[in-house]
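Structural overview for review
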Amino acid sequence: MYFKDQQLISIYKKAIEISLASPPEIHDLGFCHGAFGVAYLYYKNIKLDFTESTAEKLNEWLKYSLDKVKENELEVLEFDNGILQGIEGIGLILMSIIDDENDLNWSKLVQI
């Protein structure tokens, strides 16, 4: 793990335990504040410290996010073409997860 401070590790592990609420409180699908961003954090955690429960959470968030796309409920800002809130960030997340062996390392831009 990147963290060396035990308190930070503890906070991080508690944050990872967030479950998929029904219905989720997240109404955005973007990278910064959205469901794809939550999925990406689980994906990054799996690369650092794999657990079955984390893999299940990743799958839950990806399914939720992709279902919303299929339902045409993609709530990203209409005129935002950026990585944080736009469709580009969602695309980078999906490319990273699909092509896991060729990690693009784009998330270093946002300190993840």
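Residues numbered from 1 in each chain as written. Predicted model: local features only at pLDDT ≥ 70, side-chain atom pairs only at ≥ 80, totals over all residues. Heavy atoms only, no water.

Bringing the packing of helix α2 (residues 35–48) against helix α4 (residues 87–98) into the picture now. Contact geometry for α2 and α4: axes closest at 10 Å, N-to-C directions at 30°. Viewed along their axes, α2 and α4 adopt a mutual orientation that is roughly parallel. Our pair here, α2 against α4, has a crossing hand that is left-handed. Of the residues in α4, those in contact with Phe36, Gly37, Tyr40 and Tyr43 of α2 are Ile90, Ile93, Leu94, Ser96 and Ile97. Split into classes, the residues belonging to the contact of α2 with α4 amount to 7 nonpolar, 2 polar and no charged. (Axes fitted to C-alpha atoms, helices over the stretch in contact; angles between N-to-C directions. Helix = DSSP H or I, 4+ residues; strand = E, 2+ residues; numbered from the N terminus. Parallel < 35°, antiparallel > 145°, perpendicular 65-115°, else oblique. Left-handed = near helix turned anticlockwise from the far one by under 90°. Contact = heavy atoms within 4.5 Å. Nonpolar A, V, L, I, M, F, W, Y, C, P; charged D, E, K, R; others polar.)

Inspection of the entire model under this criterion finds 2 salt bridges. A salt bridge links Lys57 to Glu60, with the nearest nitrogen and oxygen atoms 4.0 Å apart. Residue Lys57 and its partner Glu60 are both found in helix α3 (residues 52–70); the two are separated by 3 residues, about one turn of the helix. Residue Lys57 is classed as buried on the basis of its relative accessible area, which comes to 17%. With relative accessibility at 30%, the residue Glu60 sits in the partly exposed group. (Salt bridge = Lys/Arg side-chain N within 4 Å of Asp/Glu carboxyl O. Buried < 20%, exposed > 50% of the residue type's maximum accessible area, 1.4 Å probe, protein only.)

Remember, this is a structural readout, not a statement about activity or role.
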